[in-house]
Amino acid sequence: MTKPDAAPGIDEYLRDRLMPVEGAIPLIPGIEMFGNSIPAQTVGGDLFEYINFQQRYDIDARIQRAQRLSSEFLEPLSPGAPLRSTVDDQIQWLKTTTGYRPEMEGEYRFSRSSEQVRVAEELRDLSSTAGVLVVDAQGHGIISAKIASTVHDTFHALMLTELDRYGRATPMLLENLNLRLAQSKTARNALGILEKEGAREIATMIYGEVRPGGHFHFVNFGHPPPLVFSAEYRKFMNIDESRMVQFLALGLQIPADHPDRKKYYSLTFREAELDASDLGQITLMSPGDILVLYTDGVYDGSDKHARELLEAVMLEHCHEPAKEICNALLDYAVRQDDRLRQSGQEDMIDDKTAFIIKRTV
């Protein structure tokens with residue numbers, strides 16, 4: 001019998017830290033959202049998370065800091081006073097360079113001050129923005145959960161830097177996350193791993209941001225594409241591929257213009273680093289329209305018959321709240337598992353995650 005005060009095992013620890021609570025669901029006007037996950041074993045490699053900016057970060061305090069810095073950056077440093085910021089440090093360095101002119105200080109201070117003004121503006125927008133993170137690490141079990149945990153922790157560490165520097169998440173966050181999952185040639189050689197063995201920490205990921213009006217901007221690294229169920233037409237809609245940009249799974253493709261590209265293995269080289277044009281865009285046009293994010297334990301994103309079965313579930317439950325729709329999709333996926341067991345294909349059972357974003361007004 002397990003003692004009441006016994007420390008949790010690694011599987012329990014990973015399962016608990018990778019599952020958000022309902023209290024973290026962001027409140028976006030006109031939007032309902034709900035996600036849930038069922039691991040194939042005690043713990044799995046699926047991860048979903050609500051990024052509730054207002055709850056996770058003190059946005060007001062960050063705005064106040066940006067406003068304070070925007071004023072401080074404009075003020076020249078008194079002679080002999082200690083450096084207050086990176087701006088003072090840069091000015092001090094500029095004064096030692098050839099070609100320095102006194103007016104350069106004012107120009108640089110104004111530029112850095114205006115950056116902080118913009119940071120404050122971007123932070124204000126987060127009050128009506130929700131982030132959505134869905135990750136599917138290869139396989140299932142503790143190793144997969146560890147990979148998903150790496151993505152989770154790296155994402156949030158990078159987010160802190162992004163909010164400080166820009167007041168929002170930029171494509172650079174996603175590019176650095178992609179690099180974190182790439183294989184270092186130095187580490188691989190030191191461990192004596194052969195490239196043909198294919199040992200990689202592979203994970204697919206969608207990160208998107210939801211705003212009022214049903215606007216969803218996202219980036220997709222190897223993940224099954226989102227589905228949009230139309231309340232008017234009562235079916236999944238075909239989405240213009242130009243709005244559904246997809247890259248290889250995390251870590252498999254390094255941009256050709258990245259300065260560290262020669263330090264990592266890459267299946268192919270992407271032409272350039274991510275920018276705003278690489279974001280997918282979906283808009284839920286009418287009340288009742290539903291965006292469905294999922295992992296391949298629910299649907300692999302390609303099988304036509306499986307899509308029709310999933311569509312039938314949506315048709316039956318589309319008028320219900322987001323939580324009930326999500327649970328209905330997962331119940332359907334669990335029933336599919338029963339069929340796999342009956343046919344002796346237990347090894348095909350995978351972790352299952354569904355995430356519903358529904359426009360209500």
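Residues numbered from 1 in each chain as written. Predicted model: local features only at pLDDT ≥ 70, side-chain atom pairs only at ≥ 80, totals over all residues. Heavy atoms only, no water.

Visitor: Break down the side chain of aspartate 136 for me, with residues and values.
Guide: Topologically, aspartate 136 is positioned in strand 3 (residues 130-137). One buried charged residue, aspartate 136, forms no salt bridge at all, with the nearest opposite charge on lysine 352 at 11 Å. Excluding residues within four positions of it along the chain, aspartate 136 makes contact with Gly45, Asp46, Ile202, Ala203, Thr204, His223, Thr295 and Asp296. (Helix = DSSP H or I, 4+ residues; strand = E, 2+ residues; numbered from the N terminus. Buried < 20%, exposed > 50% of the residue type's maximum accessible area, 1.4 Å probe, protein only. Lys, Arg positive; Asp, Glu negative; His and termini not counted. Salt bridge = Lys/Arg side-chain N within 4 Å of Asp/Glu carboxyl O. Contact = heavy atoms within 4.5 Å.)

Visitor: Explain the packing of aromatic side chains residue by residue, including any values.
Guide: According to the stated counting rule, one finds nine aromatic pairs in the structure shown. Their ring planes at 55° and their centres at 5.0 Å tell us that phenylalanine 155 and tyrosine 207 sit as a pair that is tilted. A residue pair is termed long-range when its members are at least 10 positions apart, and phenylalanine 155 in helix 6 (residues 142-165) and tyrosine 207 in strand 4 (residues 203-211) qualify at 52 residues. With respect to class, phenylalanine 155 is no different from tyrosine 207; both count as buried. Where tyrosine 294 meets tyrosine 299, the ring centres are 5.6 Å apart and the plane angle is 35°; that geometry is what we call tilted. Like tyrosine 299, tyrosine 294 is buried. Ring pairing ties together the aromatic residues Phe48, Tyr50 and Phe355, which thus form one cluster. (Phe/Tyr/Trp six-rings, centres within 6.5 Å; stacked < 30°, edge-to-face > 60°.)

Visitor: Could you give an account of helix 7 (residues 171-180), with specific residues and numbers?
Guide: Since one α-helical turn is 3.6 residues long, residues separated by three or four positions face the same way. Three or more residues of helix 7 are buried, namely Leu173, Leu174, Glu175, Leu177, Asn178 and Leu179. Lining the buried residues of helix 7 we find helix 6, strand 4, strand 5 (215-221), strand 8 (253-255) and strand 9 (268-270).

Visitor: Requested: an account of the packing of helix 9 (residues 304-317) against helix 10 (residues 322-342), with residues and values cited.
Guide: Their axes nearest at 10 Å, the elements helix 9 and helix 10 cross at an angle of 145°. In this structure, helix 9 crosses over helix 10, and the sense of that crossing is right-handed. Across the interface between the two elements, Ala306, Leu309, Leu310, Val313, Met314 and His317 from helix 9 touch Ile325, Ala328, Leu329 and Tyr332 from helix 10. Here the contact of helix 9 with helix 10 is built from residues that sort into nine nonpolar, one polar and no charged. (Axes fitted to C-alpha atoms, helices over the stretch in contact; angles between N-to-C directions. Left-handed = near helix turned anticlockwise from the far one by under 90°. Nonpolar A, V, L, I, M, F, W, Y, C, P; charged D, E, K, R; others polar.)

Visitor: I'd like a rundown of the state of the cysteines, residues and numbers included.
Guide: Per the counting criterion, the structure on display carries zero disulfides. Among the cysteines around cysteine 318, which has no disulfide bond, cysteine 326 carries the closest sulfur, lying 15 Å off. Judged by its relative accessible area of 0%, cysteine 326 is buried. (Disulfide = S-S within 2.5 Å.)

Visitor: Give a description of the confidence of the model for the chain that names residues and reports values.
Guide: Averaged over every residue, the pLDDT of the chain is 90; the share at 70 or more is 94%. Across the chain, strand 11 (residues 290-294) holds the top mean pLDDT of 98, while helix 8 (residues 185-191) sits lowest at 59. Segment residues 190-194: pLDDT under 50, and three contacts once partners within four positions in sequence are set aside and those in other chains are kept. (pLDDT = per-residue confidence, 0-100.)

Visitor: Got a sec to walk through the packing of helix 6 against helix 7? Specific residues and values, please.
Guide: Interhelical geometry of helix 6 versus helix 7 gives an angle of 145° and a closest axis separation of 10 Å. Considering the relative orientation of helix 6 and helix 7, their crossing is right-handed. Within the contact between the two elements, helix 6 uses Thr150, Val151, Thr154, Phe155, Leu158, Met159 and Glu162 and helix 7 uses Met172, Leu173, Asn176, Leu177 and Arg180. Tallied by class, the residues present in the contact of helix 6 with helix 7 amount to seven nonpolar, three polar and two charged.

Visitor: I'd like to hear about the nonpolar core, residue by residue, with values.
Guide: Of all hydrophobic cores here, the largest spans 46 residues; its most connected members are Met33, Val292 and Ile357. If one sorts the elements of this core by residue count, helix 10 sits on top with eight residues. Excluding residues within four positions of it along the chain, valine 292 makes contact with Pro226, Leu227, Phe236, Met314, Leu329, Phe355 and Ile356. By size, the runner-up hydrophobic cluster in this structure holds 36 residues, among which are Leu133, Val151, Leu177 and Leu250. (Core = buried A, V, L, I, M, F, W, Y, C linked by side-chain atoms within 4.5 Å.)

Visitor: I'd like to hear about the environment of isoleucine 349, residue by residue, with values.
Guide: Along the polypeptide, isoleucine 349 turns up in the loop between helix 10 and strand 12 (352-359). Judged by its relative accessible area of 8%, isoleucine 349 is buried. Dropping the residues within four chain positions of it, isoleucine 349 is found in contact with Ala40, His140, Asp337, Leu340 and Arg341.

Visitor: Could you give me a rundown of the sheet that holds strand 11, with the residues and numbers involved?
Guide: Taking strand neighbours across the sheet as the criterion, the five strands line up as 1-12-11-6-7 in an open arrangement whose pairing is antiparallel. Every interior strand has two partners, whereas the edge strands, strand 1 (31-38) and strand 7 (235-236), have only one. Bridge count between strand 6 (residues 227-230) and strand 7: two bridges; the pairing is antiparallel. Note on strand 7: the bridge partner recorded for phenylalanine 229 is phenylalanine 236. (Pairing = 2+ DSSP bridges.)

Visitor: Describe the environment of asparagine 327, naming the residues involved and giving the relevant values.
Guide: Position of asparagine 327 relative to the elements: it lies in helix 10. Here asparagine 327 falls in the partly exposed class, since its relative accessible area comes to 26%. Residues asparagine 327 and asparagine 36, 291 residues apart in the sequence, show an inter-C-alpha distance of 7.5 Å.

Visitor: Go over the pairing of strand 2 (residues 46-52) with me, naming the residues and quoting the values.
Guide: Across the seven residues of strand 2, seven count as buried, placing the element largely inside the fold. Of the two faces of strand 2, the one holding Asp46, Phe48, Tyr50 and Asn52 and the one holding Leu47, Glu49 and Ile51 are both buried throughout. Sheet topology note: the strand 2/strand 3 ladder contains seven bridges and is antiparallel. The residue bridging aspartate 46 from the neighbouring strand is aspartate 136, located in strand 3.

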